[in-house]
Amino acid sequence: MQALLDAPVYDLPQAQKADLLLRRLNALNQWHQQHSPEFARILAGYGWPVVASDATALPFLAVRLFKHLLLASVPEAERFKTLTSSGTTGAVSRIVLDKTTAALQSKVLVRILQEFVGKQRLPMLLIEQPALIQNRSGFSARGAGALGLSFLGRDHHYALDEQMQPNWPVIEAFCERYANQPVLIFGFTFMVWQCLLEPLRQRGLTLPLAQGILFHSGGWKKLQHLAVDNAAFKARCQQQLGLSRVHNFYGMVEQVGTVFVECEAGHLHAPALADVLVRDPQTQAPLPMGQPGLLQLLSALPLSYPGHSLLSEDLGVLLGEDDCRCGRQGRYFSVLGRQRGAEVRGCSDTFQ
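Definitions and limits used
Residues numbered from 1 in each chain as written. Predicted model: local features only at pLDDT ≥ 70, side-chain atom pairs only at ≥ 80, totals over all residues. Heavy atoms only, no water. Helix = DSSP H or I, 4+ residues; strand = E, 2+ residues; numbered from the N terminus. Salt bridge = Lys/Arg side-chain N within 4 Å of Asp/Glu carboxyl O. Buried < 20%, exposed > 50% of the residue type's maximum accessible area, 1.4 Å probe, protein only. Pairing = 2+ DSSP bridges. Right-handed = clockwise from strand over helix to strand, strands pointing away. Phe/Tyr/Trp six-rings, centres within 6.5 Å; stacked < 30°, edge-to-face > 60°. Expected span 1.5 Å × (residues − 1). Axes fitted to C-alpha atoms, helices over the stretch in contact; angles between N-to-C directions. Parallel < 35°, antiparallel > 145°, perpendicular 65-115°, else oblique. Left-handed = near helix turned anticlockwise from the far one by under 90°. Contact = heavy atoms within 4.5 Å. Arc of directions from axis to C-beta.

Novice: Looking at this structure, how should I read unusual backbone geometry?
Specialist: What is expected of a backbone is that most residues other than glycine have negative phi and most peptide bonds are trans. Phi is positive for Asp 155, close to 45°, though the residue is something other than glycine. Along the chain, the position of Asp 155 falls in strand β6 (residues 153-158). Even without being a glycine, Met 164 presents a positive backbone phi close to 65°. Along the chain, the position of Met 164 falls in the loop between β6 and α6 (168-178).

Novice: It is not clear to me how the pattern of salt bridges should be interpreted in this structure. Could you clarify?
Specialist: Should their charged atoms come close, side chains of opposite charge can pair. Taken as a whole, this structure holds 12 salt bridges when the rule is applied. The partner of Asp 275 in a salt bridge is Lys 17, with the nearest N and O atoms 3.7 Å apart. You can see Asp 275 sitting in strand β12 (residues 274-279) and its partner Lys 17 sitting in helix α2 (residues 14-35), a full 258 residues away along the chain. In this structure, Glu 198 and Arg 201 form a salt bridge, with 3.0 Å as the shortest nitrogen-oxygen distance. With Glu 198 and Arg 201 both in helix α7 (residues 189-203) and 3 residues apart, the pair spans about one turn of that helix. Taking relative accessible area as the criterion, Arg 201 reaches 43% and is therefore assigned partly exposed. Taken together, the salt bridges that share partners define one network made up of Lys 17, Asp 275, Glu 321 and Arg 331.

Novice: Teacher, can you tell me more about the pairing of strand β8 (residues 212-217) here?
Specialist: The buried fraction of β8 is high, at 6 of 6 residues. Examined bridge by bridge, strand β7 (residues 183-188) and β8 share 6 bridges and lie parallel to one another. Within the sheet, the bridge partner assigned to Gly 187 lies in β8 and is His 216. Where the polypeptide runs from β7 across α7 and back to β8, its parallel neighbour, the crossover connection is right-handed. As paired strands, β8 and strand β9 (residues 245-250) are joined by 5 bridges and run parallel to one another. Residue pairing for β9: Ile 213 is matched across the bridge by Arg 245.

Novice: Is there a simple way to think about the packing of aromatic side chains in this case?
Specialist: Pairs of aromatic rings are described using the distance from one ring centre to the other and the angle between the two planes. Summed over the entire model, instances satisfying the criterion amount to 12 aromatic pairs. Relative to Phe 116, the ring of Tyr 10 lies with its centre 5.9 Å away and its plane at 80°, an arrangement referred to as edge-to-face. Of this pair, Tyr 10 sits in the loop between α1 (2-6) and α2 while Phe 116 sits in helix α4 (residues 99-117), placing them 106 residues apart in sequence. Each member of the pair Tyr 10 and Phe 116 is classed as buried. Taken together, the ring pairs connect Tyr 10, Phe 116 and Phe 215 into an aromatic cluster.

Novice: How should I be thinking about α4 in this particular structure?
Specialist: In an α-helix, one full turn covers 3.6 residues, which means residues spaced three or four apart are oriented alike. The terminal C-alpha atoms of α4, which comprises 19 residues, lie 27 Å apart, in line with the 27 Å expected from a rise of 1.5 Å per residue. Three or more residues of α4 are buried, namely Thr 101, Ala 102, Leu 104, Gln 105, Val 108, Leu 109, Val 110, Ile 112, Leu 113, Phe 116 and Val 117. The first or second residue beyond α4 is Gly 118, which carries a positive phi of 85°.

Novice: So what exactly am I meant to see when it comes to the packing of α7 against helix α9 (residues 230-241) here?
Specialist: The description of two packed helices rests on the angle between their axes and on the distance between the axes. One way to put it is that α7 packs onto α9 with a least axis distance of 11 Å and a crossing angle of 40°. One finds that α7 runs oblique with respect to α9. Along this stretch, α7 crosses α9, giving a crossing that reads as left-handed. Residues Thr 189, Val 192, Trp 193, Leu 196, Leu 197, Glu 198, Leu 200 and Arg 201 of α7 form the contact with α9, whose participating residues are Ala 232, Phe 233, Arg 236, Cys 237, Gln 240 and Leu 241.

Novice: Please clarify how α6 should be interpreted in this entry.
Specialist: For α6, the set of buried residues is Trp 168, Ile 171, Phe 174, Cys 175 and Tyr 178. Down the axis of α6, the sector holding all buried residues measures 130°, keeping them to one side. With respect to the buried face of α6, the exposed residues turned more than 90 degrees away are Pro 169 and Glu 176. A positive backbone phi angle near 60° is found at Asn 180, which sits one or two residues after α6.

Next comes the structure, spelled out in C-alpha cells:
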C-alpha cells in the first residue's frame, strides 16, 4: 500500500500500476474475507479466489448490494461515520467508515485534485448550502463530496441559502473580494446549472471568475432532458462565469476518495490508487478497449467495508492507456450513462 501512496498520481505506466494495485486488492480480499462474514460467504458461494492472478479475475460486488446489506469489516465500536447514497427511490446505500479509512479517503482525494489545482489552498465558492455538512457523524453522498472538496480551499463561501436559492449577498461578497483572482469552485452538476447558471441567465448577470477552476460531479440525467451535454455545460460556464477550466469527475459514495477526473482532453483518468474495467452487462465477461459495457471500479482504499472491487450500474468504454494527449499515464475512459432499468442516483440529480 505504501508504494501506491508514494507513487505519483498520474505518472505510473499502466503495467507498473496494475502490479502494485493487484497486490493491494488481493490483500484487501483476504482482509475482508477474514473480517466480513457476508463477504466471505459471497466468495465461497461464487467460488471466487481470494488471491486473483490479474485484475479481471478479482471478485466484485454489485454496487446495489450496499442498499440491501450493511457490509462492514470492522467492529461496531470502531465505526464512527456512515455515508449514505443519494438514490431517489427505495433503499439507500450505507457505507461504514472507521477513522483509518476515512483519513485515507480524504488524503487521497486531496492528492488527486491537487494535480489539477496545485497545493496552494484557494478561496472557495461552494454551490451548496452551509447546513449540508454540519452533521459530521453521518453524511449523504452530497455532504461527503462537499466536505471532501472543501479541504482544498479556504475562506469558504456557500452560494445557496436554505431554500437552495442563490444567496446573492454571499456571491457578490465573494466576487468583490476575489474578482479576477485564482479561486476554486465546486458544485454538483445539476445544481451548478439549476441553482447558479440559470438564475444568472434569468437576471442577465455574469460573474468575474475568469481565473477560477470549477470541479463538478454527479448525474447528468436531468441536464440531458434539458438538452445540456458536457460541451454545452462548459460553454455556459465560460459565458456566465468566465471559466476556461472546468473539470467533471466521476465517482461514487461506495468508493469515496478515488475519483476519476476529466483531463484537458475531456477524458476521465484512473489515478494510481484506482482503476477501471469494463464488463459485458449480460455475461460479466471483461471487454476489450473500445467496447461499451458496465464499469467495474477498483480502489485500494476501503478497509472498513468490502468496497474495493465494485460492479457499477453505469455504462462506459475504455478509450486507451498511457497515451492520452494530456500526458497522464494509466487508463482513461468515458461514461455513457446509466444501465437501462437502473435507478437515478447521481448526487446532483437528487438534491431535492
